[in-house]
Amino acid sequence: MAKTILTVDDSASIRQMVSFTLKDAGYQVTEAVDGLDGLDKAKAGRFNLIFTDQNMPRMDGLTLIKQLRGLAPYAAIPILMLTTESSDAMKNQGRAAGATGWLVKPFDPQKLLEVVRKVIG
């Protein structure tokens, strides 16, 4: 059975690029338009990996990660930030919130797949 990935980003073009890259590699992908939508979809399904942007309306990525880490099914699931934010301070906040890793946009599709394979196979 294919591994399932939730991608949370308010940019439709980023969601499409991430989804295309992951689906092409054989993963099942669910898209969410912001943190609240992502939280709802995470609660409704089971995912092997979650990608989230930081800067989104309604709920940002760090808040989403904290919310997910409070849910038993997502306590140990890899959560990767995929964002334009690249400062050490923001990365430290991400780690403190429970982010597994950090990728900076624009992303290289091959690098994205390497990271996904490393964290979920």
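The structure under discussion appears in the preceding block.
Residues numbered from 1 in each chain as written. Predicted model: local features only at pLDDT ≥ 70, side-chain atom pairs only at ≥ 80, totals over all residues. Heavy atoms only, no water.

Asks: Just checking my understanding: could you explain the pairing of strand β4 (residues 79–83) for this structure?
Replies: The side chains of a regular strand alternate between the sheet's two faces. Taking burial as the measure, the 5 residues of β4 include 5 buried ones, the bulk of the element. Across the two faces of β4 the burial is the same, with Ile79, Met81 and Thr83 and Leu80 and Leu82 all buried. Two elements, strand β3 (residues 49–52) and β4, share 3 bridges in a ladder whose sense is parallel. Across the sheet, the residue bridging to threonine 52 is methionine 81, located in β4. Tracing the backbone out of β3, into helix α3 (residues 61–69) and back to the parallel element β4 gives a crossover that is right-handed. Across 4 bridges, the pairing between β4 and strand β5 (residues 101–104) is parallel. Residue pairing for β5: methionine 81 is matched across the bridge by tryptophan 102. With helix α4 (residues 88–97) bridging β4 and the parallel β5, this β-α-β connection has right-handed handedness. (Buried < 20%, exposed > 50% of the residue type's maximum accessible area, 1.4 Å probe, protein only. Helix = DSSP H or I, 4+ residues; strand = E, 2+ residues; numbered from the N terminus. Pairing = 2+ DSSP bridges. Right-handed = clockwise from strand over helix to strand, strands pointing away.)

Asks: Looking at this model, I keep getting lost on helix α1 (residues 12–24). Mind explaining?
Replies: Because the α-helix completes a turn every 3.6 residues, residues three or four places apart line up on one side. In a regular helix each residue adds 1.5 Å, so 13 residues correspond to 18 Å; α1 covers 18 Å between its end C-alpha atoms and thus fits that length. In this structure, the buried side of α1 is in contact with β1 (4–8), β2 (28–32), β3, β4 and α5 (109–120). Two residues or fewer past α1, glycine 26 is found with a positive phi of approximately 100°. (Expected span 1.5 Å × (residues − 1). Contact = heavy atoms within 4.5 Å.)

The values are spatial; any link to function lies outside them.
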